[in-house]
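Observations on the model geometry
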Amino acid sequence: MSIIRYHQAARPFLAGQLSFVGVVAVPYLSVVDSDLSKAWVSKRVDLVDASGIRKVFDLAAKLKDPINLSIGLPDFDVPEAAKTAAIDAIQRGENRYTQTQGTALLRDKLHTSLSAELGRDVGEVLVTSGVSGGLLLAAMATLDVGDEAIFLDPYFVMYRHVMTMIGARGVTVDSYPDFRFHPEKVEAAITPRTKVLILNSPSNPTGVVMSVPELEAAVKLARKHNLLIIADEIYEPFMYDRSIPSIARLEPNVLLLRGFSKSHAMTGWRLGYAVGPAGGGIIQAMAKLQQYTYVCAPSPFQAAAVAAMDVEMVSYVDAYRRKRDIAYGILKKKFDLVEPQGAFYIFPAAPKGQTATEFVQRAIEQNVLVIPGNVFSARDTHFRVSYATTDEKLAKGCEILCSLV
C-alpha cells in the first residue's frame, strides 16, 4: 500500500483533482515510501539477480584496507602511451560520436592484426563498448525468444543473465571436477532450439584454457549441429604454459569477442571489438543494434587503443604467471583445485563440510575478499580467487585462506 503525504488544504482535491501551480497542472502528491515504483519495474528485472561480484566490490569500498582477491581488475595501470593518446585526443576535440562501428583508424589496425593472426581476412571489425557490450549485442543479434545457448558451468556471470534479458534460454553443461570441455556432455544438451555455443578460454572463473583437441571437438560439434560459436577471448593475452591458437583460426564461422580491459587495464574505458563469420551479416546486425543501445564506443579511448596496440605487454603477462604460481603454490597445500593455465583466477573447492558461501563469509571476517562459486555456477562448492593484486597481498591472503581450513 502506498503511503501518500499531502498538505491538509489539498485534501478536498485528492479524488482525481489537481493543484494548479502557475499555468502547469501537477498532482499535489509526493510518494514517500511506496510499492508503486516497484509496480513499474518489468518482470524481466525480477528474473535477473544483482551481480554477486558487484556486491563484493561494494563491500570492499566499505572495509578498511581489505585483501581484495575478488575482482578481475588488473593491478597495473593503463600504459603511458595510451594515456597520452587519450589526453591528446580529448585536447584535439575528439569527444564526439564516432561511426557506430568505430573509427576507421582503429578498425583498420585491428583488421590487419587479426587477419595476420588468424591467417585469413577477418572482414569487418566492430568496436564495442567492452566485451560485455559485445556479448549483449551478439545475443540480441543471433537469438530469438526461446532459442538456446549452451555454455559450460562454471561460467562468466553475464552469460545466463543476458539470455534471460532477451528471452532466450541459457543451457549449462556441468564441467566439474576438471572444468574441461567434454564434447559428449555438450552434445547431450543440444536440442532443436540450440543455436549458439559460447566458449570462454581462458576461462573466468576457473583459469582453464581449452586445448587444441578440445577446440577441434567444439568445431566438429558446431558444424554437425549448425551452431554458431561465440568465442569470448577477453583473457586471450594471459596464457602461461603454452600458446593455444584462437578457435577462430580453426573455424571461420566464429563470432570472436576481445577487448582492452584486461590486456591493457582499460576496465573503466569500456572498449572491446568483434569480428564475425564470413559474409559479415552478424557484425552488421550487431552494428545496427549498437546504434540504438551504446551508439558507439567512447571516442577518445578509441584513439588510445590504437596507441595501446603498439605497447609490448609481455612483462605484464610474465608478472601474472608469477602470481599464478604464488597462488597455486600456497593454496594447493590445503585446497582441492585445478591449476589455472590462463586469465588471473583460481577456483578452489571449499573445505569439506562447508558451502562456498559459508567459507567466503569466514574469509571476509578475516578481511579477505573472495567470491563464492554459486555466483558462477549452479553449485555452491567452490570459490573464486583473483590474483590480480600485489604479490605481497596475494601471498598474505592465500595464507589466511589456508589458515581457515
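Scroll up to find the structure this text is about.
These remarks concern the structure in this document. Predicted model, so just to flag it, every value in this text is computed and none were measured. (Residues numbered from 1 in each chain as written. Predicted model: local features only at pLDDT ≥ 70, side-chain atom pairs only at ≥ 80, totals over all residues. Heavy atoms only, no water.)

Some details on the overall build of the protein chain
Helix and strand counts for the protein chain stand at 15 helices and 16 strands. Counting all 405 residues of the protein chain, 51% fall into the buried class. Long-range pairs, those at least 24 residues apart, make up 75% of the contacts in the protein chain between residues at least 6 apart in sequence. A total of about 19300 Å² of accessible surface is found on the protein chain, and carbon and sulfur atoms cover 55% of it. (Helix = DSSP H or I, 4+ residues; strand = E, 2+ residues; numbered from the N terminus. Buried < 20%, exposed > 50% of the residue type's maximum accessible area, 1.4 Å probe, protein only. Contact = heavy atoms within 4.5 Å. Areas by Shrake-Rupley, 256 points an atom, 1.4 Å probe, with all protein chains shown as cover.)

With respect to the sheet that holds strand 12 (residues 272–275)
What the seven strands build is an open sheet, ordered 6-12-11-10-9-7-8; its pairing is mixed. Because the sheet does not close on itself, it has two edges, and the strands there are strand 6 (125–128) and strand 8 (169–174). Pairwise comparison of adjacent strand axes, ignoring direction, gives a mean angle of 25° for this sheet. Bridge count for strand 6 against strand 12 is four bridges, and the pairing is antiparallel. Paired with Leu-126 across the strands is Ala-274, a residue of strand 12. (Pairing = 2+ DSSP bridges. Axes fitted to C-alpha atoms, helices over the stretch in contact; angles between N-to-C directions.)

Some details on the pairing of strand 7 (residues 148–153)
Counting buried residues in strand 7 gives six out of six residues, a clear majority hidden from the surface. The sheet contact formed by strand 7 and strand 8 spans six bridges and is parallel. Note that in strand 8 the partner of Ala-149 across the bridge is Gly-170. With helix 7 (residues 157–166) bridging strand 7 and the parallel strand 8, this β-α-β connection has right-handed handedness. (Right-handed = clockwise from strand over helix to strand, strands pointing away.)

Observations regarding helix 11 (residues 281–291)
Because each turn of an α-helix spans 3.6 residues, side chains separated by three or four positions end up pointing in the same direction. Along helix 11, the residues classified as buried are Ile-283, Met-286, Ala-287 and Gln-290. Take helix 11 and look down its axis: the buried residues cluster within an arc of 100°, on one side only. (Arc of directions from axis to C-beta.)

A look at the nonpolar core
One finds Met-286, Tyr-320, Leu-331, Phe-344, Val-370 and Leu-401 to be the most contacted residues of the largest nonpolar core, which totals 77 residues. At seven residues, helix 13 (residues 314–331) tops the list of elements feeding residues into this core. Listed in part, the 50 residues of the second largest apolar core include Val-209, Ala-217, Leu-221 and Tyr-273. (Core = buried A, V, L, I, M, F, W, Y, C linked by side-chain atoms within 4.5 Å.)

So, the state of the cysteines
Enumeration over the complete set of coordinates arrives at zero disulfides. With no disulfide of its own, Cys-398 has Cys-402 as its nearest cysteine by sulfur position, at a separation of 6.9 Å. Assessed through its relative accessible area of 0%, Cys-398 is described here as buried. (Disulfide = S-S within 2.5 Å.)

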